[in-house]
Amino acid sequence: MDLTATNIVIATGAKPRPLPGNPFAGALIDSTQALEVNEFPSSAVIIGAGAIALEFASMWNAAGSKVTLLIRKDRVLSAWDRRAGTTLTRELKRHGVNIITRASVTHVDTGANLGATVHYTCEGQDGEQSVWGEIALVAIGRDPITDPAWGVTIDDHGHVATDAYGRTDKPGVWAVGDVTAGHALAHRAFEQGIVIAETIAGLNPKPVDEATVPQIVFSFPEAASVGLTVEQAQAREDLIEIKETNYPMLANARMLMSGTAGSLTIVSGCDAANPDTRACSACTWSPRWPPTSSPKPNSWSATMCRSPTQPASFTRIPRSVKRSARRCSRPTDGRYTHAETNQHKQVRTSAPDKMLSSVFRPNKGRSDGGKGREAEEAEHNQADHPDLQVHG
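These numbers come from a predicted model, not from an experiment.

Draft legend 1. Representation of unusual backbone geometry in the model. Cis geometry is found at the peptide bond from F220 to P221, where omega equals 5 degrees. Position of P221 among the secondary structure elements: in the loop between β13 (215-217) and β14 (223-227). Phi is positive for L77, close to 50 degrees, though the residue is something other than glycine. Residue position: L77 is located in the loop between β5 (66-70) and α3 (82-94). Unlike most non-glycine residues, E241 shows phi in positive territory, near 50 degrees. With respect to the helices, strands and loops of the structure, E241 is situated in strand β15 (residues 239-248).

Draft legend 2. Structural context of the environment of A44. Within the secondary structure, A44 sits in strand β4 (residues 43-47). The residues contacting A44, other than those within four sequence positions of it, are W60, K66, V67, T68 and I135.

Draft legend 3. Spotlight on the nonpolar core. Residues I46, L54, W60 and L69 are the most contacted members of the largest nonpolar core, which totals 25 residues. If you list the elements that add at least two residues to this core, you get β4, α2 (51-62), β5, α3 and β10 (135-138). Looking at which element gives the most residues to this core, the answer is α2, with five residues. Membership of the second largest hydrophobic core comes to 16 residues, among which are A27, A103, A116 and Y120.

Draft legend 4. The sheet that holds strand β9 (residues 129-133), seen in detail. As summarised here, the arrangement of the three strands in space is β7-β8-β9, forming an open sheet in which the pairing is antiparallel. Of all strands in the sheet, those with a lone pairing partner are β7 (103-110) and β9, marking the two edges. Each neighbouring strand pair of the sheet contributes to a mean axis angle of 25 degrees, computed without reference to strand direction. Both strand β8 (residues 116-122) and β9 contribute to a ladder of five bridges, which runs antiparallel.

Draft legend 5. Here's a closer look at the sheet that holds strand β3 (residues 28-29). Read across the sheet, five strands follow the order β3-β10-β4-β5-β6 without closing on themselves; strand pairing throughout is parallel. Sheet topology places β3 and β6 (98-100) at the edges, where each strand pairs with a single neighbour. Here two bridges tie β3 to β10, and the two strands are oriented parallel to one another. Paired with L28 across the bridge in β10 is A136.

Draft legend 6. Structural detail: the pattern of salt bridges. Counted by the stated rule, this structure contains 10 salt bridges. A salt bridge links R82 to D74, with the shortest nitrogen-to-oxygen separation between them at 3.7 Å. By relative accessible area, D74 is classed as partly exposed at 32%. In this structure, E123 and R102 form a salt bridge, with 3.9 Å as the shortest nitrogen-oxygen distance. Of this pair, E123 sits in the loop between β8 and β9 while R102 sits in the loop between β6 and β7, placing them 21 residues apart in sequence. Judged by its relative accessible area of 57%, E123 is exposed. By relative accessible area, which is 35% here, R102 ends up partly exposed. Taken together, the salt bridges that share partners define one network made up of D74, R75 and R82.

Draft legend 7. Molecular detail of the pairing of β8. Among the seven residues in β8, five count as buried, and that is most of the element. Counting the residues in the hairpin turn of β7 and β8 gives five residues, including N113, whose phi is positive at 60 degrees. Adjacent in sequence and paired antiparallel, β8 and β9 are bridged by six residues, among which G124 carries a positive phi angle near 85 degrees.

Draft legend 8. Quick peek at the side chain of H159. As for its placement among the helices and strands, H159 is situated in the loop between β11 (142-144) and β12 (173-175). With a relative accessible area of 16%, H159 lands in the buried category. For H159, the contacting residues outside a window of four places in its chain are P144, T153, I154, D178, V179, T180 and A181.

Draft legend 9. How the structure looks around the packing of aromatic side chains. In the structure shown here, the tally under the stated rule is one aromatic pair. Taking the centre distance of 5.2 Å and the plane angle of 50 degrees together, the rings of F56 and W60 count as tilted. Of the two residues, F56 and W60 both sit in helix α2, four residues apart, roughly one turn of that helix. Residue F56 is classed as buried on the basis of its relative accessible area of 7%.

Draft legend 10. The arrangement of α2 in detail. An ideal rise of 1.5 Å per residue puts 16 Å on 12 residues; α2 measures up with 16 Å between its terminal C-alpha atoms. Where α2 is concerned, the buried positions are A53, L54, F56, A57, S58, W60 and N61. Tucked inside the fold, the buried residues of α2 contact α1 (31-35), β4, β5, α3, β10 and β13. Within two residues after α2, G64 carries a phi angle of roughly 105 degrees, on the positive side.

About the criteria used
Residues numbered from 1 in each chain as written. Predicted model: local features only at pLDDT ≥ 70, side-chain atom pairs only at ≥ 80, totals over all residues. Heavy atoms only, no water. Helix = DSSP H or I, 4+ residues; strand = E, 2+ residues; numbered from the N terminus. Contact = heavy atoms within 4.5 Å. Core = buried A, V, L, I, M, F, W, Y, C linked by side-chain atoms within 4.5 Å. Buried < 20%, exposed > 50% of the residue type's maximum accessible area, 1.4 Å probe, protein only. Pairing = 2+ DSSP bridges. Axes fitted to C-alpha atoms, helices over the stretch in contact; angles between N-to-C directions. Salt bridge = Lys/Arg side-chain N within 4 Å of Asp/Glu carboxyl O. Phe/Tyr/Trp six-rings, centres within 6.5 Å; stacked < 30°, edge-to-face > 60°. Expected span 1.5 Å × (residues − 1).

Take a look at the structure:
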């Protein structure tokens, strides 16, 4: 069938990249097949250090799978800011993911109902090693789906060559999305499509700036980035006085509610043509669990509200939240019944809950006549609501 059109847009996307000499077969799967798995594997080997690899590693690990992650460098997300990659590597290890760094996969053995045995070598270590998993996920990137028969220029990496507006070297033919060089992200492709449509319509749109495309990894914990790393900014001749500033995120509302910590890294610099004006060139957020938290946060919970948290909940109040228990109490029929509130004090005796003691447990050794926390709360409730009768 032949179709004729004034303008043709190529948007064929990309496909998962297999290991050299090991095509996808049996227990050696790609990310598309991983999404079709009906049950979580008991064990999994993931090859890769990018967003797809980390998201599957986090999900399977949270589901109870034994996850081994093989990466080529010393940290995950090696193309990102070093602080973000290092922090995420450390946190994944703390959550139970076995990360093998500086590993190079040689081959993978698979068979019917035999799982996958991944053979690899490590830099600085002699001999070949192996690790077995019920499945082995290869997430080392994606290759653009292109064909030289289209008659457009294709670069050495298989991408269709375009200008900033998506034009190819063939009149009336455009390209958008993963078939073009740049971030393989849906929101980038969406914006590229708008630019191409407006250009075809005769408008004058602003082309997509690759440096402003945000990236996020929905791992556990998450990481997000937009702009240039400090190394990339220093390599540009049009930027001078590069400065990297780190901000703690302990006071951030989301950090407080989730019980996590993290840092915000801002890379700024001055335009060489306008050195008196400093601008932000990058922003990277890399959360982490506080040192006192548990590597398995879904194994404990604590609450003092009327609707108790389920054991698998991620709700927790960190040490930095200086709330008294009375703020979590809710009036029922015009009364505060502390006996009922105490029923929902689910403070377990695990290590991470030690940080909750200052929030939930009565203070001892206070010079308050031995009244304790509950009596003190009753006085506060009576003072705040004089028309209510406080029991307990």
